[in-house]
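# Summary of the model geometry
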Amino acid sequence: MFTTNPFYQELSENYLFAEIARKVDACRRTEPEAKIIRLGIGDVTLPLAPAVIAALHRAVDEMAAAETFRGYGPEQGYDFLLEAIREHDYLRRGIAIAADEIFVSDGSKCDVANIQELFGSNCRIAICDPVYPVYRDSNLMAGRSAQLQYLPCVEANGFLPEPPRTPVDVIYLCSPNNPTGAVFSREQLTEWVAYARRVRALLLFDSAYEAYIRDPALPRSIYEIPGAEEVAIEFRSFSKTAGFTGLRCAYCVVPRALPGRLNALWRRRQTTKFNGVSYPVQRAAEAVYSEPGQRQIAAQIDYYLNNAREIRTGLLAAGMTVFGGEHSPYVWWKLPVAMSSMAFFDQLLHECHVVGTPGSGFGDCGEGYFRLTGFGSCDATREAVKRITDRYLQ
Ligand code: PLP
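Values in this document were obtained by computation on a predicted structure and should not be read as measured data.

Analysis parameters
- Residues numbered from 1 in each chain as written.
- Predicted model: local features only at pLDDT ≥ 70, side-chain atom pairs only at ≥ 80, totals over all residues.
- Heavy atoms only, no water.
- Helix = DSSP H or I, 4+ residues; strand = E, 2+ residues; numbered from the N terminus.
- Rg over C-alpha atoms; globule rule 2.2 N^0.38 Å.
- Buried < 20%, exposed > 50% of the residue type's maximum accessible area, 1.4 Å probe, protein only.
- Contact = heavy atoms within 4.5 Å.
- Lys, Arg positive; Asp, Glu negative; His and termini not counted.
- Charge placed at Lys NZ, Arg CZ, Asp CG, Glu CD.
- Pairing = 2+ DSSP bridges.
- Axes fitted to C-alpha atoms, helices over the stretch in contact; angles between N-to-C directions.
- Near = heavy atom within 4 Å.
- Polar contact = N/O pair within 3.5 Å; in protein donor to acceptor, adjacent residues only side chain to side chain.
- Areas by Shrake-Rupley, 256 points an atom, 1.4 Å probe, with all protein chains shown as cover.
- Nonpolar A, V, L, I, M, F, W, Y, C, P; charged D, E, K, R; others polar.
- Salt bridge = Lys/Arg side-chain N within 4 Å of Asp/Glu carboxyl O.
- Left-handed = near helix turned anticlockwise from the far one by under 90°.
- Right-handed = clockwise from strand over helix to strand, strands pointing away.
- Domains from an automatic or database assignment.
- Buried area = accessible area lost by both parts, 1.4 Å probe.

### Considering the overall build of the chain
Summing up its helical and strand segments, the chain has twelve helices and 13 strands in all. Here the C-alpha radius of gyration of the chain, 21 Å, is about what a compact globule of 394 residues would show, namely 21 Å. With 394 residues in all, the chain has 55% of them scored as buried. Contacts in the chain between residues far apart in sequence, at least 24 positions, make up 74% of those at least 6 positions apart. Looking at charge distribution, the chain has the averaged site of its 41 positive side-chain charges lying 1 Å from that of its 46 negative ones.

### Observations concerning the sheet that holds strand β4 (residues 148-152)
Reading across from one edge, β2-β8-β7-β6-β5-β3-β4 is the order of the seven strands in this open sheet, with mixed pairing throughout. The strands lining the two open edges of the sheet, one partner per strand, are β2 (102-105) and β4. Across this sheet, the average inter-strand angle for adjacent strands is 20 degrees, counted without regard to direction. Where strand β6 (residues 202-206) lies against strand β7 (residues 232-237), four bridges are found, and the strand directions are parallel. Pairing of L203 across the sheet is with A232, part of β7. Those strands touched by helix α3 (residues 79-90) are β2, β7 and β8 (250-253), and its axis lies near 115 degrees from that of β2. The strands that helix α6 (residues 186-199) touches are β4, β5 (170-174) and β6; relative to β6, the one it contacts most, it runs at about 150 degrees.

### Points about the site of the ligand
The full set close to the ligand counts 14 residues, and S108, D206, Y209, S237 and S239 are the nearest of them. In the environment of the ligand, a nitrogen atom lies 2.7 Å from a nitrogen or oxygen atom belonging to the side chain of D206. When isolated, the ligand has an accessible area of 400 Å², and the protein chains bury 92% of it. Here the residues of the shell around the ligand are counted per class, giving five nonpolar, five polar and four charged.

### Looking at the pattern of salt bridges
With the rule as written, the count across this model stands at 25 salt bridges. Between E224 and R186 there is a salt bridge; the shortest N-O distance is 3.0 Å. Taken together, the residues span a long stretch of sequence, with E224 in the loop between β6 and β7 and R186 in helix α6 at a distance of 38 residues. Take E224: its relative accessible area is 21%, and that puts it in the partly exposed class.

### Some details on the packing of helix α2 (residues 50-63) against helix α9 (residues 279-288)
Here α2 crosses α9 at 150 degrees, and the two axes come no closer than 8 Å. The handedness of the crossing between α2 and α9 is right-handed. Facing A51, V52, A55, L56, A59, V60, E62 and M63 of α2, the residues of α9 in contact are Y279, P280, V281, R283, A284, A287 and V288. Residues belonging to the contact of α2 with α9 are distributed by class as follows: 13 nonpolar, no polar and two charged.

### A word on the pairing of β5
In terms of burial, β5 is a largely internal element, five of the five residues being buried. Taking every second residue as pointing to the same face, both faces of β5 are buried, with V170, Y172 and C174 on one and I171 and L173 on the other. Both strand β3 (residues 125-129) and β5 contribute to a ladder of three bridges, which runs parallel. Paired with I125 across the two strands is V170, which belongs to β5. Bridge count between β5 and β6: five bridges; the pairing is parallel. Paired with Y172 across the two strands is L204, which belongs to β6. Handedness of the β-α-β unit built from β5, α6 and β6 comes out right-handed.

### What about the domain arrangement of the chain?
Here the chain is partitioned into domain 1 (7-47 + 293-392) and domain 2 (50-290). Between the C-alpha centres of domain 1 and domain 2 there is a distance of 25 Å. Between domain 1 and domain 2, the contact holds 35 residues from the first and 41 residues from the second. Taking both partners together, domain 1 and domain 2 bury about 3300 Å²; carbon and sulfur atoms supply 60% of that area. A per-residue breakdown of the area domain 1 buries against domain 2 is headed by H327, F362 and C365, which together make up 20% of the total. Along the contact surface separating domain 1 from domain 2 lie two salt bridges. Where K334 meets E155, a salt bridge forms, and the shortest distance between an N and an O atom there is 2.7 Å. Our count for the domain 1 to domain 2 interface comes out at 16 residue pairs in polar contact (both at pLDDT 80 or more).

Quick look at the structure:
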């Protein structure tokens, strides 16, 4: 008889978003006439850009002809996409990354969850709190619960942690942060890189939302900081940048300068466990970097950022305390009433018919906060802000 992985027992039973979906469904059933507005789940809503769709169609046609059909591709991505990434995301910003340091995948979720396979089971791991739950859960699944250390991200530090005083080996950083919307400044990231170099720690830098940074002074890549290529892996995704949440494409950069032959280990891992992203999807990702592609995705991101701004300014004008929403689709709302964020979720759902995400779902330090996102439609967002401010005007 088989046994099961005992570390899975340490995961919480209900994945937050499943629980939220269940509650929203129940509300729909009991109040069928209610117009529920979803500002909760972090998924895009606009259709794919025309340049992306055209590239997909072309690639599908290629797959239909014997001369242009493609079977298995290179596990780490086709050269055309690796080159486009290297040129547009790095070289043009003065960062020298080689094509063989880039690994294309079907999503950052898998990448940030799988990367921990490269580290010893006794590695000490630091994770921001609150943050995207996958960093924590993937390490719990690997049996590292005793080695997990949380870095509190609270109002007093602008939701951006400083390097820990106790020793750690691997640190997950997320900027712009999900859920707080906080973004590291160049000085703060410089401090992190200096720390990692000093204590020989590794930074895992998740910049899934870098395209939402509008202030050119804020770093979009950790490799903008000199020396980072010796201490950092970077994760990027086409999901929130170009609406690929359903299409699936992302990449990570694992520099050869990293100690421990991490670039070779990751290649070994990917070639064993992954067979590459489909050809049409990689052509679609390449089209994101074309001139029309860049223009079209910039307009989409502007749309989401406008929604986030609408939420932020609306709530601030009503006397509430909010953070984020400037270089991020996420607005981090300090609860206007004294109750748990899960109880507030229920109140907002039943009294305003607005869905958000309880801060506690992202870590203990998220308690007392609520995440709203700019991914809804413009009209629905405006309507949600009106309902919220009418109800909670301070
Ligand atoms: N990293 C962060 C911080 C995210 O918020 C998300 C998705 O919400 C991901 C990674 C996963 O992105 P992908 O769609 O590429 O798997």
